[in-house]
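Listed below are the residues making up each chain.
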There are 2 protein chains.
Amino acid sequence: MSELWSPFVHGLVPYVPGEQPKLAKLVKLNTNENPYGPSPAVLDAVRAATNEDLRRYPDPNADALKQAIAGYYAVPVDHVFVGNGSDEVLAHAFMGFFQHDKPILFADITYSFYKVYCGLYGIDYECVPLDDMYGINVADYARPNGGIIIANPNAPTGCLLSLTSIEALLQANMQSVVLVDEAYIDFGGETAIGLVSRYPNLLVTQTLSKSRSLAGLRIGFAVGQPHLIEALERIKNSFNSYPLDRLAIVAGVAAFRDEDYFQQTRQAVIAGRDAVVSGLQALGFSVLPSAANFVLAQHAVQPAAALASALREQGIIVRYFNAPRIDNFLRITIGKPEENAELLQALQAIVANR
Amino acid sequence: MSELWSPFVHGLVPYVPGEQPKLAKLVKLNTNENPYGPSPAVLDAVRAATNEDLRRYPDPNADALKQAIAGYYAVPVDHVFVGNGSDEVLAHAFMGFFQHDKPILFADITYSFYKVYCGLYGIDYECVPLDDMYGINVADYARPNGGIIIANPNAPTGCLLSLTSIEALLQANMQSVVLVDEAYIDFGGETAIGLVSRYPNLLVTQTLSKSRSLAGLRIGFAVGQPHLIEALERIKNSFNSYPLDRLAIVAGVAAFRDEDYFQQTRQAVIAGRDAVVSGLQALGFSVLPSAANFVLAQHAVQPAAALASALREQGIIVRYFNAPRIDNFLRITIGKPEENAELLQALQAIVANR
């Protein structure tokens, strides 16, 4: 604490990301990274761009990347905003759309960064409880609000909300921005981007960190009508002209061009999820229905915190949240088949020994 | 404009960066990039890191880069903060240190992003006029303030403030953060980092975009005592856990290791500046004394705006600011010897023909 700080900093509670251990040999199933590397075409493109042009600033508008995204989703290029990971895109969206005199709404169990953004920008919020099945009931959101944010599929539950439900939410909240955070959508859901042309209050965010295997390069984007994109551009251009570096832009463009690789790795993750779910159920876990590249699971008798510690001792890291309603769950990222097998084998031994 | 925007967005006036033209053949002397590419060791390191590990998040703390910077400047690692270019570092510093009930102070002619940050965070400011020689007179800053920011050397003037003057400013303002923005310091000044251990109110920012030739990778940093660094970390971790990607971290580390290349290219730019200054003076320009990789120059009779247009027609881009007190100046980045010669030749022809 220091009196040199701006006063609000004293109350700031930052987000705590999942551990990025520096040991190489761990089975790392804690931060929802893709078990498969980026497309070889992406690596080639990055290597080719690693030249003396790095002395120059990137295109501040990252037009090439916006065009690639617009082309992929068949939207006009002025409907696309890009940023340094979807975390930065979300931060700008919270600042640009959610500072009204009513609280914003999000689920009681969802991406824990949402509360942190509210703290950063002084935004009031109300948490709307998930139902008993850990699903979102849109009727619960029928209350005055300055904005709504839905992670779809939700994290850390993995549960998917239907586009019909999202559309109901949009229709009931034409005076608020409804932000749909689709970080994990490619692993089992249908994107809401197709609704953008009909709903001026819809902003959809996505990331290349998960389904495109590019967490290491920090690329996120938003799709919305131009009046929403303009607010994001104003904020971005008042904060940092060039949040995406030259290599990230090149990588993002190449990633959207390699559809075959994207489909292959996406399907492999989905198949891996099916195997993990079956394996966990056979060991006495109940698993929430997941449309993401992770599952949230609890054991019938073994406490989650103890399981997480026991796995850690065997070099397997999963994520445990010491938070209401989910403090007896493990969030487990889907790995490669051999990693998934190692996880299940370790859990089997732990469960049997207790 | 949209009523879905947070109200402050309506009044937001973003920063306008120098043009990044998409034509290849231009002599680009408008955004103070280094004419020499990054160290070959940097390119090698980036290529080596372009592998399947890009599927993983970067180290959120970028410890390797912090250690490289701390080692280079012989400060403890907890004195170092890193971000996505010094623009992002400055944004966090404005948010974290300058939201007090008194206005912050900066020069009337300086980096135009400072006003933009004030707009973004609702910070009051007062501009302190440079003296008649376009220098900073620290006595002019003896007034109540919520913080002070000095670009040293200043941009777009290039003029250097002595460490003695900076120390006077620090001593007179122990209740405010004095931020010294040293984007261009390596081209002719002495860094204030050596003062950090004695002044708890000093924060120094630098960038790898200029003297380290890495504008394309977006790496900036700040050095200050831990209580200041903590505020920046809190804000960063409430905004975006991983603003520096894996390749940027690797590049930054490699850049600080190749001291020979740094010294060679730095000295080449300084020699180029001497040649440009002499050449401009011979053509009837007056040039402000520059410690940066650019010069601010005005011609005795030719208006700057017309000169900039005429240069542009010949494929040479320099920066012209249509702003009070400097609207008859050109800001010219130092290029390679052949680019500098081309500039001077073009100016000679333009000046002779009028």
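A. Representation of the overall build of chain A within the structure. When you go through chain A residue by residue, the secondary structure sums to ten helices and twelve strands. In terms of C-alpha radius of gyration, chain A reaches 20 Å, essentially the compact-globule figure of 20 Å for 354 residues. Structurally, chain A occupies a C-alpha span of about 60 × 50 × 50 Å along its principal axes. Residues classed as buried in chain A amount to 64% of the 354 residues present. Within chain A, contacts between residues at least 6 apart in sequence are counted, and of these 72% link residues at least 24 apart. Here chain A has roughly 12400 Å² of accessible surface; of this, 53% comes from carbon and sulfur atoms.

B. Seen up close, the interface of chain B and chain A. Across the boundary between the two partners, chain B contributes 90 residues, which contact 90 residues of chain A. Interface of chain B and chain A: buried area, both sides summed, is about 7300 Å²; carbon and sulfur atoms make up 57% of it. Summed over the shared surface of chain B and chain A, the number is zero salt bridges. For the interface between chain B and chain A, the tally reads 48 residue pairs in polar contact (both at pLDDT 80 or more). Looking at the side of chain B that touches chain A residue by residue, the class counts come to 44 nonpolar, 27 polar and 19 charged.

C. Focus on the relation of the copies chain B and chain A. In screw terms, the move from chain B to chain A is a rotation of 180° and a rise of 0.0 Å along the axis, fitting with an RMSD of 0.0 Å. Within this description, the copies of the chain are treated as partners about a two-fold rotation axis. Residue B:R47 of chain B places its C-alpha closer to the rotation axis than any other residue of that unit, at 2.8 Å. A share of 100% of the interface residues of chain B reappears at the interface of chain A, consistent with the copies meeting face to face through the same patch.

D. Highlighting the sheet that holds strand 9 (residues 285-287) of chain B. Residue and element names in this part refer to chain B. The antiparallel open sheet is built from three strands, whose spatial order is 9-10-12. Either end of the sheet is taken by a strand with one partner, and the two such strands are strand 9 and strand 12 (330-333). The average angle at which neighbouring strand axes cross in this sheet is 35°, direction not considered. Each of strand 9, strand 10 (294-299) and strand 12 is contacted by helix 9 (residues 304-313), which is oriented at about 40° to strand 12, the strand it contacts most.

E. Seen up close, the domain arrangement of chain A. Residue and element names in this part refer to chain A. Each assigned domain of chain A is listed here: domain 1 (18-37 + 260-352) and domain 2 (40-257). Each of domain 1 and domain 2 has a C-alpha centre, and these two points are 25 Å apart. Residue-level contacts link 26 residues of domain 1 with 26 residues of domain 2. For the pairing of domain 1 and domain 2, the buried interface totals around 2100 Å² over both sides, and the portion due to carbon and sulfur atoms is 60%. Of all residues in domain 1, the largest losses of buried area upon contact with domain 2 belong to F262, A291 and R325, amounting jointly to 33% of the total for that side.

F. Up close: the pairing of strand 2 (residues 80-83) of chain B. Residue and element names in this part refer to chain B. Alternating positions in strand 2 separate into two faces, V80 and V82 on one and F81 and G83 on the other, with burial throughout. In the sheet, strand 2 pairs with strand 8 (residues 220-224) via four bridges, with the strands oriented antiparallel. Directly across from F81, in strand 8, lies its bridge partner A222.

G. Molecular detail of the side chain of B:D186. Residue and element names in this part refer to chain B. The residue D186 is located in the loop between strand 6 (178-181) and strand 7 (202-207) in this model. It turns out D186 is buried and unbridged, and the closest side chain with the opposite charge, R212, is 4.6 Å from it. Leaving out residues up to four positions away in the same chain, D186 has contacts with Y73, Q206, S211, F262 and R266.

H. Local environment of helix 7 (residues 246-257) of chain A. The terminal C-alpha atoms of helix 7 of chain A, which comprises twelve residues, lie 17 Å apart, in line with the 16 Å expected from a rise of 1.5 Å per residue. Summarising burial for helix 7 of chain A: nine of the twelve residues are buried, a large majority. Those residues of helix 7 of chain A that sit buried are A:L247, A:A248, A:I249, A:A251, A:G252, A:V253, A:A254, A:A255 and A:F256. Against helix 1 (40-49), helix 2 (63-73) and strand 8 (220-224) of chain A together with helix 1 (40-49) and helix 7 (246-257) of chain B lie the buried residues of helix 7 of chain A. Between a side-chain oxygen at the N-terminus of helix 7 of chain A and the backbone nitrogen of A:L247 the separation is 3.0 Å; the capping residue is A:D245.

I. Representation of the environment of B:V80 within the structure. Residues and elements named next belong to chain B. Take V80: it is sitting in strand 2. In this structure V80 comes out as buried when scored by relative accessible area, which is 1%. V80 sits 124 residues away from V204 along the chain, and the two C-alpha atoms are 9.7 Å apart. In this structure, V80 is in contact with K66, I69, A70, V75, A222, I229 and E233, ignoring residues within four places of it in sequence.

J. Fine view of the sheet that holds strand 10 (residues 294-299) of chain A. Residues and elements named next belong to chain A. Read across the sheet, three strands follow the order 9-10-12 without closing on themselves; strand pairing throughout is antiparallel. Because the sheet does not close on itself, it has two edges, and the strands there are strand 9 (285-287) and strand 12 (330-333). The average undirected angle you get between the axes of adjacent strands in this sheet is 35°. Note that strand 9 and strand 10 share three bridges and pair antiparallel. Bridged to V287 within strand 10 is A297. Against the sheet, helix 9 (residues 304-313) makes contact with strand 9, strand 10 and strand 12, and its axis sits at roughly 40° relative to strand 12, the strand it touches most.

Here is what the cut-offs are and how they apply
Residues numbered from 1 in each chain as written. Chains lettered and ligands numbered in written order. Predicted model: local features only at pLDDT ≥ 70, side-chain atom pairs only at ≥ 80, totals over all residues. Heavy atoms only, no water. Helix = DSSP H or I, 4+ residues; strand = E, 2+ residues; numbered from the N terminus. Rg over C-alpha atoms; globule rule 2.2 N^0.38 Å. Buried < 20%, exposed > 50% of the residue type's maximum accessible area, 1.4 Å probe, protein only. Contact = heavy atoms within 4.5 Å. Areas by Shrake-Rupley, 256 points an atom, 1.4 Å probe, with all protein chains shown as cover. Buried area = accessible area lost by both parts, 1.4 Å probe. Salt bridge = Lys/Arg side-chain N within 4 Å of Asp/Glu carboxyl O. Polar contact = N/O pair within 3.5 Å; in protein donor to acceptor, adjacent residues only side chain to side chain. Nonpolar A, V, L, I, M, F, W, Y, C, P; charged D, E, K, R; others polar. Least-squares fit on C-alpha atoms with pLDDT ≥ 70 in both. Pairing = 2+ DSSP bridges. Axes fitted to C-alpha atoms, helices over the stretch in contact; angles between N-to-C directions. Domains from an automatic or database assignment. Lys, Arg positive; Asp, Glu negative; His and termini not counted. Expected span 1.5 Å × (residues − 1).

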